[in-house]
Amino acid sequence: MSEQSTDLRETVRRRYAASAVKVTEGGSACCGPQPVEVDDNFGSALYAADERDALPTEAVAASLGCGNPTAVAELREGERVLDLGSGGGIDVLLSARRVGPTGRAYGLDMTEEMLALALANAEKAGATNVEFLKGTIEAIPLPANTIDVVISNCVINLSTDKPAVFAETFRVLRPGGRIGLSDVVADDALTPGQRAERGDYVGCIAGALSFTEYRTGLEAAGFTDIEITPTHPVADGMHSAIVRATRPPAVETRPDATPSADTCCGVDS
């Protein structure tokens, strides 16, 4: 990792650690141009009232996202869900309710303060089918082929190595698994410099991919059935978007299958 990337990651870590501490001490936090001001384009305002009311106040107050991925991931009973950059745990707790006692919801975060807040929120919510992991979204600490659904809420745009995030997401998903993400995406016409003019990195703007870059990155990792749907603007030419894609199912080989007589050394003659 380059020195610039390391510095950016540390800036993001400090920003979100401060947000967690603020919530713990009785404030609120939100991703956006101003670190602690509530913006209707970000945070808990993007969740339905009945969802907010069913969770601990601290989980709602710590919401930093740009959407509601649990509303679009179509979670089912018994599924295993992973939330990349889980923060205070709002999406993990909502996912845990949807997958039920036979399912499991994992939250991954690199910030000690956010993990402590998330664990406290899970205890307050009485959630027993959740687990929070410390780590980065570029190196997910889970085995391959173990997760049914990966969600994330305005976090992938903060990564300085998005190809690694896409590759790791693909790796942990089982064949046939899927992603349901909320993220900030830029118009294709905007250069990286123009994106930076509209907001800083920790404000979820400068690091955003364009629509084409996002699709190309997912395709390079192996995803198919890619859909990127803008939902609402967060800055000029910048949008909160829903991102869906699938890891292709495994190709089954019949037990009785035998090589063709017309092939040699694995190549058709």
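Look a little higher up for the structure.
Reading the values: the criteria
- Residues numbered from 1 in each chain as written.
- Predicted model: local features only at pLDDT ≥ 70, side-chain atom pairs only at ≥ 80, totals over all residues.
- Heavy atoms only, no water.
- Axes fitted to C-alpha atoms, helices over the stretch in contact; angles between N-to-C directions.
- Helix = DSSP H or I, 4+ residues; strand = E, 2+ residues; numbered from the N terminus.
- Parallel < 35°, antiparallel > 145°, perpendicular 65-115°, else oblique.
- Left-handed = near helix turned anticlockwise from the far one by under 90°.
- Contact = heavy atoms within 4.5 Å.
- Nonpolar A, V, L, I, M, F, W, Y, C, P; charged D, E, K, R; others polar.
- Salt bridge = Lys/Arg side-chain N within 4 Å of Asp/Glu carboxyl O.
- Buried < 20%, exposed > 50% of the residue type's maximum accessible area, 1.4 Å probe, protein only.
- 1 Å grid on protein atoms, 1.4 Å probe; cavity = no way out; pocket = protein on both sides within 12 Å on 5 of 7 lines; lining within 4 Å.
- Points joined across faces, edges and corners; volume = space filled by probe spheres on them.

A. Up close: the packing of helix α6 (residues 162-172) against helix α8 (residues 211-221). Following both chains from N to C, one finds α6 and α8 inclined at 45°, their axes separated by 9 Å at the closest point. One element, α6, and the other, α8, form an angle in the oblique class. The interaxial crossing formed by α6 with α8 has right-handed handedness. Residue-level inspection shows F166, A167 and F170 of α6 in contact with α8, the latter providing Y214, G217, L218 and A221. Class assignment for the residues of the contact of α6 with α8 results in six nonpolar, one polar and no charged.

B. Region of the structure containing the pattern of salt bridges. Inspection of the entire model under this criterion finds nine salt bridges. With its nearest N and O atoms 2.4 Å apart, the salt bridge here joins R174 to D148. In this pair, R174 sits in strand β5 (residues 173-186) while D148 sits in strand β4 (residues 147-153), placing the two residues 26 residues apart along the sequence. With relative accessibility at 28%, the residue R174 sits in the partly exposed group.

C. Representation of empty space enclosed by the protein within the structure. Tallied over the full model, the rule gives two cavities of 30 Å³ or more. F166, T169, I179, L181, L218 and F223 are the residues that line the second largest cavity. Only α6 and β5 provide two or more residues apiece to the lining of the second largest cavity. For the lining of the second largest cavity, a count of residues per class yields five nonpolar, one polar and no charged.

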